[in-house]
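As a plain string of letters, each chain reads:
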Amino acid sequence: MSVRVRFAPSPTGYLHIGGARTALFNWLYARHTGGTFILRVEDTDAARNSQEAVNVILDGLRWLGMDWDEGPLTADATGPSKGDRGPYFQSQRKENYARRVEALLSRGLAYEKDGAVRFRMTREPVLIRDLVVGDVTRALTDREEADPDFVIMRSDGSPVFHFVNVVDDLEMGITHVIRGEDHLSNTSKHVALFQAFGVEPPKYAHIPLILNADGSKMSKRDDGAALAYYTENGYAPEAVLNYLCLLGWSPKDGREVIPLKQLIADFDLPQILRHNARFDHEKLKWMNGEYLRAMPADRFYELSVHTLARAGVDTNRFPTAYVKAALDTCMGKLRILTELPAYGGFYFTDPVALDAEAKAALTPEARERLKKLRDAYAGLAEFSAANLEAALKETAKSLGVKNGVLVHPARFACTGRPSGPSLYHLMEVLGQDRVLARMDAALAV
């Protein structure tokens, strides 16, 4: 049996990090088994739907690198999926739902009441065989004993979530339903509907919830609850994908930083954990730093240029070789890319702004020493990091001071900050003209 799984989000205007994790688990399982991953947008609530909300979902999945395997051909063919296909939309499948409602009505398994159609729910306990939670028997509650039946089509003719969910899973041949544990309470209704249609339900795997670090439920108002937080705050998608995978799943060998190909090879349902996962932002920042440190230079350049542009720094004004040389000094120094404008933005800013700390450090005595260093640098025939270091040490020796006494004012003059990339390498990248001009500007303040 070929595995067929789906991710079925509602277009509510943002993609919750838990939804992204659900999509990822389905996608990884499909790729691990050689199966099919289907994207299906549950947009039957016309009042809440918009193309903008749908785009948030599609853009989020594309950012993480998840493609889907089926769906109608897109008009603009811009999607990442096979054959440039879009997702399925439930709003375009209304005839299917109407036909299935009629089938239940004709067999006495549903009935009309107050203009709505209600499903005649079984009065027997429903056994749910779950691949993560284990066997769960869902008996009728006291509230349900009097009337366990439930609406499958509203009086206005619109079908409800439970019904369309089952009909689509049935008609799309879904073999495994991998979704959050908060949906487990709905599953008895879904199993009963499958049985009413005379088919075996898919295999269920209800995955643990994602909680805040303090154990509270993650709401949409919490920082990091929406996937857009990570796209806008300097995270590499491959790092976010890796971290999401570890929220409720663990490889057999306990590794944490795992390349995508290895994630696909290792991911399987038996390794999904039973307990809820807690989102640790510091751990994600650490993992993101590991990915930034190890990623190919061209990929780092691409992400960095986009990050600087969002911060208002235009790198297009500079030669490509200069931009790459500047970014090379920043590689391996960042945890998230939004640290880059403060860390290395000075390369692309003239003049450099000196804050109060920098001005305070440039005392009259420090200026005299900086002037000596500036003159030494002006006489260099080759403005290399090695020569810059040698010249600074020689100047410090002639002044009878430690190297650091010159390093700090030189750094302030060149960058406006007390810390950053290696001083000698950043000055080599800036070049002799810029370094001398920045030192002159600092001396003139």
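Remember, it's a predicted structure, so these values are computed and weren't measured experimentally.

1. Quick notes on the overall build of the protein
Across its full length, the protein holds 19 helices and 12 strands. What you see for the protein is a C-alpha radius of gyration of 30 Å, clearly larger than the 22 Å of a compact globule of 445 residues, by over 25%. Oriented by its inertia axes, the alpha-carbon framework of the protein measures out at about 100 × 45 × 40 Å. Burial analysis of the protein (445 residues in total) assigns 49% to the buried set. For the protein, the share of sequence-separated contacts (at least 6 apart) that also reach a separation of at least 24 residues comes to 72%. Total accessible area on the protein stands at roughly 20700 Å², and carbon and sulfur atoms take up 50% of it. Here the protein carries 55 positive and 58 negative side-chain charges, and the mean point of each set is 2 Å from the other.

2. Looking at helix α11 (residues 297-310)
Along an α-helix, residues three or four apart share an orientation, since each turn contains 3.6 residues. Taking 1.5 Å of rise per residue, the 14 residues of α11 would be expected to cover 20 Å, and the 20 Å separating its terminal C-alpha atoms lies within 8% of that figure. Turning to α11, its buried residues are F300, Y301, L303, S304, T307 and L308. Taken together, the buried residues of α11 touch α10 (281-294), α12 (320-328) and α13 (340-344).

3. Here we look at the packing of aromatic side chains
This structure, assessed with the given rule, holds 15 aromatic pairs. Ring centres 5.4 Å apart and planes at 55 degrees place the aromatic pair F119 and F150 in the tilted group. Pair noted here: F119 is in strand β5 (residues 116-119) and F150 is in strand β8 (residues 150-153), with a separation of 31 residues, a long-range link. An identical accessibility class is assigned to F119 and F150; each is buried. Ring centres 5.0 Å apart and planes at 80 degrees place the aromatic pair Y229 and Y230 in the edge-to-face group. Pairwise contacts between aromatic rings join Y229, Y230, Y235, Y243 and F279 into one cluster. Taking NZ or CZ as reference, K189 lies 5.1 Å from the ring centre of F150, over its face. Cation over ring: R434 sits above Y322, and NZ or CZ is 4.4 Å from the ring centre.

4. Here we look at the environment of A139
Examined against the element boundaries, A139 turns out to sit in the loop between β7 (134-138) and α4 (142-146). When the C-alpha atoms of A139 and L127 are compared, they prove to be 8.7 Å apart, with 12 residues separating the residues in sequence.

5. Considerations on the pairing of strand β2 (residues 36-41)
Within β2, six of the six residues are buried, leaving the element largely enclosed by the surrounding structure. Residues of β2 alternate between two faces, with T36, I38 and R40 on one and F37, L39 and V41 on the opposite face, all of them buried. Relative to β2, strand β1 (residues 4-7) is paired through four bridges, and the arrangement is parallel. By the bridge assignment, R4 is partnered in β2 with T36. With helix α1 (residues 17-33) bridging β1 and its parallel neighbour β2, the resulting β-α-β unit is right-handed.

6. Focus: the side chain of R118
Summarising the element assignment, R118 is placed in strand β5. Residue R118 is classed as buried on the basis of its relative accessible area, which comes to 15%. Within the local environment of R118, its side chain forms a polar contact with the side chain of D147, the two groups lying 2.8 Å apart. Polar side-chain contacts of R118 include one of 2.9 Å to the backbone oxygen of D149.

7. So, the nonpolar core
Core analysis: the largest hydrophobic core is formed by 105 residues, its most contacted members being Y347, Y377 and M427. The element that contributes the greatest number of residues to this core is α1, accounting for nine residues. What Y347 contacts, discounting residues up to four positions off in sequence, is F318, Y322, A326, T329, C330, P421, L426, V429, L430 and R438. One finds I38, Y97, V126 and V133 within the second-largest nonpolar core, a separate group that totals 30 residues.

8. Quick notes on unusual backbone geometry
With omega at -5 degrees, the peptide bond leading from D350 into P351 counts as cis. Although it is not a glycine, D114 adopts a positive phi angle of roughly 55 degrees. Inspection of the secondary structure puts D114 in the loop between β4 (110-113) and β5. Classification of D114 as exposed rests on a relative accessible area of 72%.

9. Some points on the sheet that holds β2
Pairing is parallel in the open sheet, where three strands are placed in the order β1-β2-β3. With one partner strand each, in any of the chains shown, β1 and β3 (88-89) form the two edges of the open sheet. Relative to the sheet, α1 contacts β1 and β2, its axis offset from that of β1 by approximately 160 degrees.

10. Some points on the pattern of salt bridges
Going through the model one piece at a time under the given rule, you end up with 30 salt bridges. Among the salt bridges present, the one from R40 reaches D169, with a minimum N-O distance of 2.9 Å. Taken together, the positions of R40 in strand β2 and D169 in helix α5 (residues 161-171) put the pair 129 residues apart, joining distant regions of the chain. Residue D253 pairs with R255 through a salt bridge whose shortest N-O separation is 2.4 Å. For R255, a relative accessible area of 31% gives the class partly exposed.

Conventions used here
- The residue numbering used here restarts from 1 in each chain and proceeds along that chain's sequence as written.
- Owing to the predicted nature of the model, reporting of local features is limited to residues with pLDDT of at least 70; listing and counting of side-chain atom pairs is limited to 80 or more, with chain, interface and lining totals taken over all residues.
- In computing side-chain values, all of the structure's heavy atoms are included and hydrogens and water are not.
- Strands here are runs of E lasting at least two residues and helices are runs of H or I lasting at least four, both read from the DSSP assignment and numbered beginning at the N terminus.
- Restricting the calculation to C-alpha atoms gives the radius of gyration, and the globule rule supplies 2.2 Å times the number of residues raised to the power 0.38.
- Exposure classes here rest on a 1.4 Å probe applied to the protein chains alone. A residue is buried below 20% of its type maximum, exposed above 50%, and partly exposed in between.
- What makes two residues a contact is simply this: any of their non-hydrogen atoms within 4.5 Å.
- Computed with a 1.4 Å probe, the accessible areas rest on the Shrake-Rupley method; for each residue, only the protein chains presented here act as cover.
- Working convention for charge: Lys and Arg count positive, Asp and Glu count negative, and His plus the chain ends are omitted.
- Here the site of a charge means NZ on Lys, CZ on Arg, CG on Asp, or CD on Glu.
- Expected span of a helix: the number of residues minus one, times 1.5 Å.
- Put simply, two rings from Phe, Tyr or Trp (the six-membered ring, in Trp's case) pair if the centres are within 6.5 Å, and we call them stacked under 30 degrees between planes, edge-to-face over 60, tilted for the rest.
- Cation placement over rings: the criterion is NZ of Lys or CZ of Arg within 6 Å of the ring centroid and within 35° of the ring normal.
- Strands are labelled as partners when DSSP assigns at least two bridges between them.
- Classification remark: right-handed applies to a crossover when, strands pointing away from the viewer, the course from the first strand over the helix to the second runs clockwise.
- Under this definition, polar contacts are N or O atom pairs within 3.5 Å; protein pairs additionally need one hydrogen-donor-capable and one acceptor-capable atom, and for neighbouring residues in sequence, both atoms have to be side-chain atoms.
- We define a nonpolar core as any set of buried Ala, Val, Leu, Ile, Met, Phe, Trp, Tyr and Cys residues linked to one another through side-chain atoms lying within 4.5 Å.
- What counts as an axis is a line fitted to C-alpha atoms, over the stretch in contact for a helix, and the angles between N-to-C directions run from 0 to 180 degrees.
- Any carboxyl oxygen of Asp or Glu within 4 Å of a side-chain nitrogen of Lys or Arg constitutes a salt bridge here.

From the geometry alone we can't say anything about function, so treat these as descriptive.
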